[in-house]
Amino acid sequence: MTEPGTEPAPRTPEEAPSALTPADAADAARLVAFGLQPKLLPARDADYAELLRRHRDDPAFARLTDAVAAGLGLVVLEVSTRAGMAVTAAEDSVFAVRMGDYARRAATDATDRFLHGLAHLAVAALAFPRPEDLADDGYIGRVTVNGVDAFVRQACRRLEERAEEQGENTDPATDTPGLEAAWRVYARRSATGATKDARRLAGSTTGILGKAVAFLVDSGFLQRTGDEAGGTFRTTARYQLQVRDMAGTAALAELLELGIVPVSDGSATLLPPVDEAEAELADAGLPFHT
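Think of each chain on its own: its residues are numbered from 1, step by step along the sequence as written. Side-chain atom pairs in this predicted model are given and counted only at pLDDT of 80 or more, local residue features only at pLDDT of at least 70, and totals for whole chains, interfaces and linings cover all residues. As a rule here, side-chain values come from all non-hydrogen atoms in the structure, and water together with hydrogens is ignored.

A. Expanded view of the overall build of the protein. Only DSSP runs of H or I reaching four residues or more are called helices, and only runs of E reaching two or more are called strands; each is numbered from the N terminus. Along the backbone of the protein there are 11 helices and 5 strands. Pairs at least 24 apart in sequence give 57% of the contacts found in the protein among residues at least 6 apart. Summing over all exposed atoms, the protein offers an accessible surface of approximately 15,200 Å²; the carbon and sulfur share of this is 54%. What makes two residues a contact is simply this: any of their non-hydrogen atoms within 4.5 Å. Accessible surface is estimated by sampling points in the Shrake-Rupley manner with a 1.4 Å probe; for residues, cover comes only from the protein chains shown.

B. Structural detail: the packing of helix α1 (residues 22-35) against helix α2 (residues 46-57). The geometry of α1 relative to α2 is characterised by a closest axis approach of 10 Å and an angle of 115° between their N-to-C directions. In this structure, α1 crosses over α2, and the sense of that crossing is left-handed. Where α1 approaches α2, its residues Asp24, Asp27, Arg30, Leu31, Phe34 and Gly35 are matched on the opposing element by Asp47, Tyr48, Leu51, Leu52, Arg54 and His55. Looking at the contact of α1 with α2 residue by residue, the class counts come to 5 nonpolar, 2 polar and 5 charged. Angles run from 0 to 180 degrees between N-to-C directions of axes, and those axes are lines fitted to C-alpha atoms, restricted for helices to the stretch in contact. By the definition used in this description, the sense in which the near helix is turned from the far one sets the handedness, with an anticlockwise turn below a right angle giving left-handed and a clockwise turn giving right-handed. Three classes are used, and their members are as follows: Ala, Val, Leu, Ile, Met, Phe, Trp, Tyr, Cys and Pro are nonpolar, Asp, Glu, Lys and Arg are charged, and the others, Gly among them, are polar.

C. View of the environment of Arg244. The topology assignment puts Arg244 in helix α10 (residues 237-246). For every residue, the accessible area (1.4 Å probe, protein chains only) is compared with the maximum for its type, and the residue is labelled buried under 20%, exposed over 50%, or partly exposed between those bounds. Exposure remark for Arg244: the relative accessible area of 29% places this residue in the partly exposed category. In sequence terms Arg244 and Ala135 are 109 residues apart; their C-alpha atoms lie 8.2 Å from each other. In contact with Arg244, other than residues within four places in its own chain, are Glu78, Arg82, Leu134, Ala135, Asp136 and Asp137. Each polar contact in these results corresponds to two N or O atoms within 3.5 Å; when the atoms are within protein, one needs to be able to donate a hydrogen and the other to accept it, and residues that are neighboring in sequence are counted only if both atoms are side-chain atoms. At a separation of 2.5 Å, a polar atom in the side chain of Arg244 contacts the main-chain carbonyl oxygen of Leu134.

D. Spatial organisation of the environment of Cys156. Looking at the element boundaries, Cys156 is found in helix α7 (residues 145-165). Between the C-alpha atom of Cys156 and that of Trp183, which follows or precedes it by 27 residues, the distance is 4.4 Å. Apart from the residues within four sequence positions on either side, Cys156 is in contact with Trp183, Tyr186 and Ala187.

E. Here's a closer look at the packing of α1 against helix α3 (residues 59-71). Relative orientation of the contacting elements α1 and α3 amounts to 60°, with a least axis distance of 9 Å. Classified by the angle their axes make, α1 and α3 are oblique. For the pair α1 and α3, the sense of crossing is right-handed. On α3, the residues that touch Asp24, Ala25, Asp27, Ala28, Ala29, Leu31 and Val32 of α1 are Phe61, Leu64, Thr65, Val68 and Ala69. Residues belonging to the contact of α1 with α3 are distributed by class as follows: 9 nonpolar, 1 polar and 2 charged. Convention used here: angles under 35 degrees read as roughly parallel, angles over 145 as roughly antiparallel, angles from 65 to 115 as roughly perpendicular, and any remaining angle as oblique.

F. Representation of a nonpolar patch on the surface within the structure. On the surface, a nonpolar cluster with roughly 350 Å² of combined accessible area is contributed by Leu36, Leu72, Val94 and Phe95. Tracing the backbone shows Val94 in the loop between β2 (84-89) and α4 (99-106). Take Val94: its relative accessible area is 74%, and that puts it in the exposed class. Like-charged residues are merged into a patch within 9 Å and nonpolar side chains (Val, Leu, Ile, Met, Phe, Trp, Tyr) within 5 Å, provided each residue has over 30% relative accessible area and no salt bridge. Here, a salt bridge means any side-chain nitrogen of Lys or Arg that lies within 4 Å of a carboxyl oxygen of Asp or Glu.

G. Spotlight on unusual backbone geometry. Even without glycine at this site, Ala229 takes up a positive phi of about 55°. In this fold, Ala229 is placed in the loop between β4 (222-226) and β5 (232-235). Of the residues examined, Ala229 reaches a relative accessible area of 23% and is grouped as partly exposed.

H. View of α10. Of all 10 residues making up α10, 7 are buried, and the element is well covered by its neighbours. Of the positions making up α10, those classed as buried are Ala237, Arg238, Tyr239, Gln240, Leu241, Gln242 and Val243.

I. How the structure looks around the nonpolar core. We call a set of buried residues a nonpolar core when its members are Ala, Val, Leu, Ile, Met, Phe, Trp, Tyr or Cys and they connect through side-chain atoms within 4.5 Å of each other. Counting residues in each nonpolar core, the largest one holds 35 residues, and the members touching the most others are Val123, Val148, Val152, Leu222 and Tyr239. Looking at this core, the elements that each hand over two or more residues are α5 (110-127), α7, α8 (179-188), α9 (205-218) and α10. With 10 residues, α5 is the single largest residue contributor to this core. Contacts of Tyr239, omitting those with residues within four sequence positions, involve His120, Val123, Ala124, Ala127, Phe128, Leu216, Phe221 and Leu222.

Structure (structure tokens):
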């Protein structure tokens, strides 16, 4: 009991009982819906920005919004003015866009689907070559289609050299999993195709990379900044969050460990070409090449 003449201390906002209404639930669902529009920026939509502010300032509303997202099979990566309501779909979510589904839409050939997966892996590795790049919220990665193609082809040469040094079979079946098979498949594919004017064919490696970056642009992960070097792009906050989520995968780690992009000395620079076979790197539009 409270002694006469005294009043209980006022509750903090976290302690105060929250009487959430159906209107609050609708607002929470609206915020999640905003998050499912990856190209929409909070700075360009006043309602979106206001709901983000409420999520930040109202713990009860934040919990309700997170619960709505969870019920839809969505994982909340971050809620902020820079990234908006950044969500990713769990594997069993109706919103899940699996890489296999994307690859099947992009190509009917099994080998091409394999190359589409490698293309996405390479874009992520080149966009954020160092751990500190992923950790820095202000970091913006930049990639080009021709640059990623040259990066993968240099990785192919490095993998071939490694296989020869270890005395491994240099020509196994192309469906062997892992990067050791990937370099054989990629290295044999033409970069642009066989047309007289060297136009980019859909089945060429730059054609496959073009589809990959277009998918990332449509998903709000990349923004196109120009047409140079086959197309130039910059990363978004959402893409940084996605790559953080996949940074522990073995394939990405293996690609970075090849030494093509140093990750230990703090310099975001591709290694210079060591012979004439790698000289095309200098003219490939590599964003970090020196």
